[in-house]
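Analysis of the macromolecular model
Residue strings, one per chain:
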Amino acid sequence: MTAQTHNFEADTGKILNIVINSLYSDPDIFLRELLSNASDAIHKRKFLGQTEPSILNSGENEIFVHVDEKKKTIELVDTGIGLSSDELIETLGTIARSGTSSFLDSIDEATDSKDAAKALIGKFGVGFYSAFMVAEKVSVTTRKAGEKDANIWESDGQSGYTIYKSENEHEIGTSIKLHLRKSAKEYADLNKIKSLIKKYSDHILVPIFVQSKDVEKEQANSAQALWTKSPSDVSKEEYFDFYKSTLGSFDDPYITLHNRTEGSIDFTNLLFIPKTAPFDLFEPERKAKVSLYINRVFISQDVDGIIPSWLRFVKGVLDTTSLDLNVSREMVQSSPVIKKISKSVTKRILSELKKKMKKDDENYDAFWGQFGKVLKEGLYEDFENREKIAEITRVYSFKHEKLINLNSYIEEMAEKQDKIYYLTTDTLKQAKSSPHLEGFKAKGIDVLLMTDPIDAFWMSQMGAYKEKSFLSISRDKYDLAALSEEQAEDKADDEAKNTITTLIKDCLGDLIEDVKSTSELVESPVRLVAGEGGLDFNLERIMKAQNPDFKDSTKILEVNCNHELVKRIPNLSVELQEAISRMLFEQARVLDGEMPTDPQQFSKDLIAIGSSL
Ligand code: ADP
C-alpha cells in the first residue's frame with residue numbers, strides 16, 4: 001500500500017490548536033493520557049479474548065516506555081488490541097467524533113478557564129492529541145489483533161496525517177513514537193518519565209516498564225489497583241491522587257467511599273462525589289463515570305443502570321467477582337448481580353450523604369447547590385428511593401430565609417397544620433414578594449419557596465412526605481383561618497364585599513372565572529388563584545412552554561375588601577372602575593411571573609388611573 005495522505009476532518013485542526021495551546025501550561029499529562037489508552041487497549045484485548053480466544057496474548061501484558069535521550073524521542077509500546085487502518089482513520093483522524101461543533105462551542109466558553117479546557121479533553125476523547133503538546137511529529141505503528149498487517153499513521157498535528165502499510169513484521173499491539181519538540185526536550189529523560197509514571201499512572205493495572213540505552217528494563221508503577229487495598233492502608237492523598245489522575249478530576253472530592261461487600265454478591269466500590277458539577281451534567285447523554293471491573297479486568301465505563309441517572313455525578317470504580325468474565329456486555333448489563341450492586345451502592349451513597357448533612361450543613365448546602373437539581377430527578381422518577389432522597393433534600397424556607405430539611409419543616413408545623421405549604425416561582429426574589437405569602441407571614445406559618453422547574457413535578461408526583469401532603473399556595477384551596485385562633489381583622493361587611501366582588505367581576509367578564517373576597521391578604525389588594533382543576537402556576541408555565549396549544553386554565557381573582565384602593569372602587573366613575581379592575585387583574589398576573597393579557601390596554605389603564613389623581 002502506498003502512503004495515503006488525509007486532511008483532518010473539518011474543524012479538527014482548529015480544535016487541535018486550541019487543545020494544544022490551552023493545555024500548554026501542563027504538558028505533563030500527555031504521558032498519563034497515552035498510558036491510559038494503552039492500558040485500555042490491553043484490557044480490551046483481554047476482554048474480547050474471553051469470547052474469541054485466538055486474539056489473546058500468549059505472553060505477558062505490559063507497556064514499555066523507551067526513552068532515547070540523544071534522539072529526543074519517547075516510544076510507548078503496548079500489547080493491546082491494536083487498530084486497523086479504518087480504525088486509525090476513524091479514531092485518530094477525527095477528534096470529538098460525536099460532537100465537534102458542541103466541542104468548539106464549549107471550548108469557546110471555556111477559553112478563560114484552563115481547568116474547564118482540561119476537563120474537555122477527557123470528555124470528548126481527545127486524550128491522544130495531548131501528545132502534540134510535546135511532540136512535533138507522532139508516529140503510530142499498530143497491528144490489530146486478528147489481522148496480519150501493521151499500519152503506520154504519522155502526523156505533525158497541523159493539517160493532516162499519512163497512513164501506510166508497514167513493510168516489517170510486528171507483534172499485535174500499538175507503538176506510539178513521539179519526536180519531541182525543542183521546547184519539550186526535557187521529557188527525553190528516563191528519570192523524569194519514571195517520576196511522571198509514579199505520579200500519574202501508578203494505579204494502572206498493567207505493569208509499565210521504562211528503558212533507555214543506558215538503563216536496563218525497570219518497572220515504574222506498582223500496578224496494584226488502589227481499590228484492592230484495604231481502606232486502612234490508603235492515605236487521603238492517595239485517594240485524592242487517584243481521583244485526580246485516574247478519574248481526570250480537577251477538584252478534591254466531597255466524599256470518598258471505599259468499601260468491600262461480601263455475601264451473596266461480592267464487590268468493592270471506590271466511589272467519589274465531586275465538589276463541583278461538571279458542565280455537561282444536564283446533557284442528555286451524560287452518564288455516571290463509574291467503571292465496572294470483573295475481577296480487576298476492566299469491562300466498561302457506562303454499564304447502564306449500575307448508577308441511577310440522578311447520581312450521574314458520581315465517579316469511580318466498581319469491581320466484582322460475582323460476575324463471569326465470559327459473558328457478553330449486553331448480558332452483564334441485564335444481570336441481576338448488577339441490579340443488586342446498584343441497589344446496595346445507591347443505598348450506601350444516600351446514607352453517606354445523610355451523615356454529611358447532619359454533620360455539617362454548610363458544606364452539605366454547597367454540595368446541594370451543585371447537585372441538588374439532579375438529586376431531585378430521583379424524587380420524581382425513583383419510586384423506590386424517593387423517601388430516602390426526600391430526607392436529604394434541602395428546601396428554601398420563607399420563614400428562616402435559608403435552606404432547611406423537609407423534616408425540620410414538619411417539626412415546626414403549626415398545631416393544626418397538616419400540609420406542607422409551598423410556592424413555586426422562577427426566582428426567590430419573585431417568590432418573596434408574592435401576595436400569596438401575606439397570610440402565611442401574618443400567621444407565622446412557614447412556606448417552602450421552590451424555584452427549580454422540576455419542583456412542581458416532583459411534588460405533584462410524590463403527593464406527600466411523611467403523610468403530610470404538599471399544597472401549592474397558588475393553586476390549591478386552603479383555609480388559613482382554621483389554623484390559628486386569632487382571626488384576621490375583617491372590617492368589611494358581607495354586603496360591601498358582595499358589591500365590590502360583583503362589580504369587579506362585571507368589569508373583567510371572560511378574563512376571570514370568578515371574583516371572591518378573601519381574608520388571606522394583608523398588604524396586597526388582590527391575588528390570582530387557580531380555579532377548579534387548575535394547575536400550579538409554574539407547572540402551567542412549563543407545560544405552555546412545551547406545548548403552544550396548551551390552554552391557560554381559568555383563574556379566580558381573590559380580593560382584599562379591606563384594602564384602601566379596593567374600598568374606593570364603588571364610588572368611582574364607571575370608566576375608572578373598569579380601568580382599576582383590569583389593572584388589578586393584570587398586575588396580579590405580573591406578580592405571578594406572567595405577561596399582562598393585554599399590555600396596550602394595561603398601559604392605557606395605568607395612564608387613565610394616574611391622570612384621574
Ligand atoms: P478516548 O480514549 O477518550 O476515546 P483518545 O483520543 O485518547 O480518546 O483515543 C481515541 C481512540 O483511539 C481510543 O478510544 C481508542 O479506540 C484508540 N486508541 C488510542 N490509543 C490506542 C492504543 N494504544 N491502542 C489501541 N487503540 C488506541
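It should be noted that the structure appears before, not after, this text.
Residues numbered from 1 in each chain as written. Predicted model: local features only at pLDDT ≥ 70, side-chain atom pairs only at ≥ 80, totals over all residues. Heavy atoms only, no water.

1. Let's talk about the overall build of the protein chain
Counting its secondary structure elements, the protein chain contains 20 helices and 23 strands. Classification of the 613 residues of the protein chain by burial places 52% in the buried group. Long-range contacts, defined here as pairs at least 24 residues apart, represent 69% of the contacts in the protein chain between residues at least 6 apart. Accessible surface, the protein chain: about 29,500 Å² in total, of which carbon and sulfur atoms supply 47%. (Helix = DSSP H or I, 4+ residues; strand = E, 2+ residues; numbered from the N terminus. Buried < 20%, exposed > 50% of the residue type's maximum accessible area, 1.4 Å probe, protein only. Contact = heavy atoms within 4.5 Å. Areas by Shrake-Rupley, 256 points an atom, 1.4 Å probe, with all protein chains shown as cover.)

2. What to know about the sheet that holds strand β16 (residues 402–405)
Pairing is mixed across the open sheet formed by six strands, whose spatial order is β16-β15-β18-β17-β20-β19. Edge strands, defined here as strands with exactly one partner in the open sheet, are β16 and β19 (464–465). When strand β17 (residues 419–424) meets strand β18 (residues 448–450), the two strands line up parallel, connected through three bridges. Within β18, the residue paired with Tyr422 across the bridge is Leu448. (Pairing = 2+ DSSP bridges.)

3. A word on the pattern of salt bridges
As enumerated under the stated definition, the model contains 27 salt bridges in all. Between Lys343 and Glu384 there is a salt bridge; the shortest N-O distance is 3.6 Å. With Lys343 in helix α9 (residues 336–359) and Glu384 in the loop between α10 (361–381) and α11 (386–391), the pair connects residues that are 41 residues apart, well separated along the chain. A residue is classified by how much of its surface remains accessible, and Lys343, at 53% relative accessible area, is exposed. The exposure class assigned to Glu384 is exposed, which follows from its relative accessible area of 56%. A salt bridge links Asp605 to Arg582, with the nearest nitrogen and oxygen atoms 2.8 Å apart. Taken as a pair, Asp605 in helix α20 (residues 599–611) and Arg582 in helix α19 (residues 574–591) lie far apart in primary sequence, 23 residues in all. (Salt bridge = Lys/Arg side-chain N within 4 Å of Asp/Glu carboxyl O.)

4. Overview of empty space enclosed by the protein
This structure, assessed with the given rule, holds one cavity of 30 Å³ or more. Quantified by volume, the largest cavity comes out at close to 60 Å³. Every residue along the wall of the largest cavity is listed here: Leu423, Thr424, Thr425, Gln430, Ser434, His436, Ser474, Phe537, Arg541, Leu591 and Asp592. Elements that contribute at least two residues to the lining of the largest cavity include exactly β17 and α17 (537–546). Looking at the lining of the largest cavity, its residues break down into three nonpolar, six polar and two charged. Each of two domains, domain 3 (393–478) and domain 4 (489–613), supplies a minimum of three residues to the lining of the largest cavity. (1 Å grid on protein atoms, 1.4 Å probe; cavity = no way out; pocket = protein on both sides within 12 Å on 5 of 7 lines; lining within 4 Å. Points joined across faces, edges and corners; volume = space filled by probe spheres on them. Nonpolar A, V, L, I, M, F, W, Y, C, P; charged D, E, K, R; others polar. Domains from an automatic or database assignment.)

5. Regarding the sheet that holds strand β11 (residues 267–274)
Picture the strands of a sheet paired through backbone hydrogen bonds; they go either parallel or antiparallel. Across the sheet, which stays open at both edges, the five strands sit in the order β10-β11-β14-β12-β13 with mixed pairing between neighbours. Two strands lie at the open edges of the sheet, namely β10 (253–261) and β13 (297–300), each paired on one side alone. Across the sheet, the mean angle from the axis of one strand to that of its neighbour is 20°, orientation sign disregarded. Summarising the sheet, β10 and β11 pair through eight bridges and their orientation is antiparallel. Directly across from Leu257, in β11, lies its bridge partner Leu271. (Axes fitted to C-alpha atoms, helices over the stretch in contact; angles between N-to-C directions.)

6. As for the packing of α10 against helix α15 (residues 453–462)
At their nearest, the axes of α10 and α15 sit 8 Å apart, and the two run at 30° to each other. By the angle between their axes, α10 is roughly parallel relative to α15. Relative to α15, the crossing made by α10 is left-handed. Seen from α10, the contacting residues are Lys376, Glu377, Leu379 and Tyr380; seen from α15, they are Ile454, Asp455, Phe457, Trp458, Gln461 and Met462. (Parallel < 35°, antiparallel > 145°, perpendicular 65-115°, else oblique. Left-handed = near helix turned anticlockwise from the far one by under 90°.)

7. Points about the side chain of Glu62
You can see Glu62 is positioned in the loop between α2 (29–49) and β2 (63–68). Although Glu62 is buried, it makes no salt bridge; Lys217 carries the closest opposite charge, 4.1 Å away. With residues near it in sequence (within four places) discarded, Glu62 still touches Ile42, Val77, Asp78, Thr79, Val206, Pro207, Phe209 and Lys217. (Lys, Arg positive; Asp, Glu negative; His and termini not counted.)

8. Observations concerning α10
Along its 21 residues, α10 runs just 26 Å from first to last C-alpha, ending more than 12% under the 30 Å computed at 1.5 Å per residue. In α10, a bend of some 65° at Phe371 exceeds every other bend along the element. Inspection of α10 places Tyr364, Phe367, Trp368, Phe371, Gly372, Val374, Leu375, Lys376, Glu377, Gly378 and Leu379 among the buried residues, and these make up the whole buried set. A side-chain oxygen of the first residue of α10 lies 3.2 Å from the backbone nitrogen of Glu362; this N-cap is Asp360. (Expected span 1.5 Å × (residues − 1). Bend = angle between axes of the 7 residues up to and from the residue. Polar contact = N/O pair within 3.5 Å; in protein donor to acceptor, adjacent residues only side chain to side chain.)

9. Side note on the environment of Leu437
Topologically, Leu437 is positioned in the loop between α13 (428–432) and α14 (438–443). In this structure Leu437 comes out as buried when scored by relative accessible area, which is 2%. Taking the C-alpha atoms as reference, Leu437 lies 8.7 Å from Glu520; in sequence the two are 83 residues apart. In contact with Leu437, other than residues within four places in its own chain, are Phe398, Leu423, Ala431, Lys432, Val447, Leu449 and Ile473.

10. Considerations on the side chain of Glu558
Along the chain, Glu558 turns up in strand β23 (residues 555–559). A polar atom in the side chain of Glu558 sits 3.5 Å from the side chain of Thr518.

11. What about the packing of aromatic side chains?
Applying the stated rule across the entire model yields 22 aromatic pairs. Consider the rings of Phe440 and Tyr478, whose centres lie 5.3 Å apart with planes at 45°: the pair is tilted. On the criterion of sequence distance, the pair formed by Phe440 in helix α14 and Tyr478 in the loop between β20 (468–472) and α16 (494–508) is long-range, its members being 38 residues apart. Owing to a relative accessible area of 16%, Tyr478 belongs among the buried residues under this scheme. Members of the aromatic cluster, connected to one another through ring pairs, are Tyr254, Phe313, Tyr364, Phe367, Trp368 and Phe371. Between the NZ or CZ atom of Lys192 and the centre of the ring of Tyr187, over which it lies, the distance is 5.0 Å. A cation over an aromatic ring shows up here: Lys356 above the ring of Tyr254, its NZ or CZ 5.3 Å from the ring centre. (Phe/Tyr/Trp six-rings, centres within 6.5 Å; stacked < 30°, edge-to-face > 60°. Lys NZ or Arg CZ within 6 Å of the ring centre and 35° of its normal.)

12. Concerning the pairing of β17
Residues in a regular strand point their side chains to alternate faces of the sheet. Extensive coverage of β17 is indicated by the burial of five of its six residues. Pairing of β17 with β20, which is carried by four bridges, proceeds in the parallel orientation. Directly across from Lys419, in β20, lies its bridge partner Ser469.

13. Describing the packing of α19 against α20
Where α19 contacts α20, the two axes come as close as 9 Å, and the packing angle between them is 125°. One way to sum up the angle between α19 and α20 is to call them oblique. In this structure, α19 crosses over α20, and the sense of that crossing is left-handed. For the pair α19 and α20, the contacting residues are Leu576, Ala579, Ile580, Arg582, Met583, Glu586 and Gln587 in the first and Gln601, Phe602, Asp605, Leu606, Ala608 and Ile609 in the second.

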